[in-house]
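For reference, the chains in residue letters:
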Amino acid sequence: MLELDSKTLTALRGLGLNNALLSRLASLRDTTGTWPARITEVHRDRYTITDAAGARSAGCVPELSRELQACGEALAVGDWVLVAEDDWIHQRVPPLNALSRRTPAGRLQALVANVDTALLVMGLDHDFNLARLDRYLLLTRAAGVASVVVLSKADQCDFVGQRMQRLRAHLAYSAAVEVLALDGTQPEARLQLVPWLSAGSTLVLLGSSGAGKSTLTNTLCGLALQDTGGVRADDSRGRHTTTARSLHRTPEGACIIDTPGLRGLALDADEADLAAGFDDVARLAPACRFRNCSHGNEPGCAVRDTLDPTRLKSFHKLQREAERGQMDLQQRREQLAEWKARSRGARERLASKRGGA
């Protein structure tokens, strides 16, 4: 069993090594000649790791790479690993949680691991998008990660109150979510987020490019660690200044993981994940007239009659995505053939009507 002296343990706790992770660390097979470190950056086949001695580059032994690949997994920023003296990663400590998405090829891509709180950053400018927020909330709730909605660029918006009210109405029947409006360039932003910046905690910033994640990271850390850039005036889209996920420390001792804006967020969700992400739908559904109500056009639907229409639209869209994600290749081909047949039939009926006219 791996033994850590008090000084090393204190340093590692400052990097987010809590009791639950220590328990998992103790359950690993032979740890002789290795010690814990946290992955703070991922660069193709190299990793920046940080331990009690500081940060440095490390590689992953082929055996672990093959083991992870066989499980469809990969090392991510936030992972805890066991590293040997030659700076090779030999084992991964099973993560407490992980935020992942599906790539266009259908593979599962780990974004970050071992996170306590997700700051969902959304600009109060053209970046304000409740449907996209629903997608991020499903991602975090399915992973069991607490979320705080951070509405950035409050200094650039004249209708902060209206958008805060719109957001609260959108999530009125969902579990309470803390919502903050702030100017990420000002020190006051750190004061607003102090309740989530306790020493040893880990936060991840998620949101679209140009939302102000890197600006907020710099403010929370008190240093210009991340490059920042402007956004286009017409749609507030950023220029993907941040290109890789990275972990940093705040003066309070919290760990902050900054992430690039995601061009797409295809979720790896099932029915249970949807129930967690849309707890308001699950809570209202028993009051529907029909037990198998799809919350569409059925009469007496308590969900449709109560929920914000934009929220319900998000639910249906993500439900369809989840159903497609659970299909095998043959089922997807059959569904595609059915869609094509319906489309062809509709075109033929329209052509027939025009011909008859």
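Treat the numbers as computed from the prediction; the structure is a model and nothing was measured.

Q: Can you lay out the nonpolar core for me, pointing to particular residues and giving the numbers?
A: Counting 48 residues, the largest nonpolar core has Leu133, Leu139, Leu151, Leu167, Val204, Leu206 and Val303 as its most contacted members. The element best represented in this core is helix α4 (residues 130–142), accounting for six residues. Sequence-distant contacts of Leu206, defined by excluding residues within four places in its chain, comprise Leu99, Ala118, Leu119, Leu120, Val121, Tyr136, Leu139, Thr140, Lys213 and Thr259. If you look at the next biggest cluster of nonpolar residues, it comprises 16 residues, including Val150, Leu193, Leu205 and Leu216.

Q: Mind laying out the pairing of strand β1 (residues 34–43), listing which residues take part and the relevant values?
A: Regular strands show a simple pattern: their side chains alternate between the two faces of the sheet. Looking at chain direction, β1 and strand β4 (residues 80–84) are connected through five bridges and run antiparallel. Looking at β4, one finds that Ala37 is bridged to Val81. Strand direction decides the pairing type here: β1 and strand β2 (residues 46–51), joined by five bridges, are antiparallel. Within β2, the residue paired with His43 across the bridge is Arg46.

Q: I'd love a proper account of the pairing of strand β5 (residues 88–92), names of residues and values included.
A: Two elements, strand β3 (residues 54–60) and β5, share two bridges in a ladder whose sense is parallel. Within the sheet, the bridge partner assigned to Gly59 lies in β5 and is Trp88. Examined bridge by bridge, β4 and β5 share three bridges and lie antiparallel to one another. Following the sheet pairing, Leu82 is matched in β5 by Gln91.

Q: Pulling in residues and values, what's your account of the side chain of His295?
A: The residue His295 is located in the loop between α9 (279–284) and α10 (302–306) in this model. Assessed through its relative accessible area of 8%, His295 is described here as buried. Excluding residues that lie within four positions of it along the chain, His295 makes contacts with Val281, Ala285, Cys288, Cys301, Val303, Leu312, Phe315 and His316.

Q: I'd love a proper account of unusual backbone geometry, names of residues and values included.
A: Look at Asn114: it is not a glycine, yet its phi comes out positive at around 55°. Mapped onto the elements of the fold, Asn114 is located in the loop between β7 (108–113) and β8 (117–123). Given the relative accessible area of 6%, Asn114 is considered buried. The backbone of His295 sits at a positive phi, close to 65°, despite the residue not being glycine.

Q: Lay out the pattern of salt bridges in plain terms, naming residues and giving numbers.
A: For the structure on display, the rule yields 15 salt bridges. Across the pair Asp308 and Arg166 runs a salt bridge, and its minimum N-O distance is 2.9 Å. Taken together, the residues Asp308 in the loop between α10 and α11 (309–325) and Arg166 in helix α5 (residues 160–170) connect sequence positions 142 residues apart. Taken together, the shared-partner salt bridges in this structure form one network comprising Asp51, Arg56 and Asp87.

Each value, and the rule that gives it
- Residues numbered from 1 in each chain as written.
- Predicted model: local features only at pLDDT ≥ 70, side-chain atom pairs only at ≥ 80, totals over all residues.
- Heavy atoms only, no water.
- Core = buried A, V, L, I, M, F, W, Y, C linked by side-chain atoms within 4.5 Å.
- Buried < 20%, exposed > 50% of the residue type's maximum accessible area, 1.4 Å probe, protein only.
- Helix = DSSP H or I, 4+ residues; strand = E, 2+ residues; numbered from the N terminus.
- Contact = heavy atoms within 4.5 Å.
- Pairing = 2+ DSSP bridges.
- Salt bridge = Lys/Arg side-chain N within 4 Å of Asp/Glu carboxyl O.

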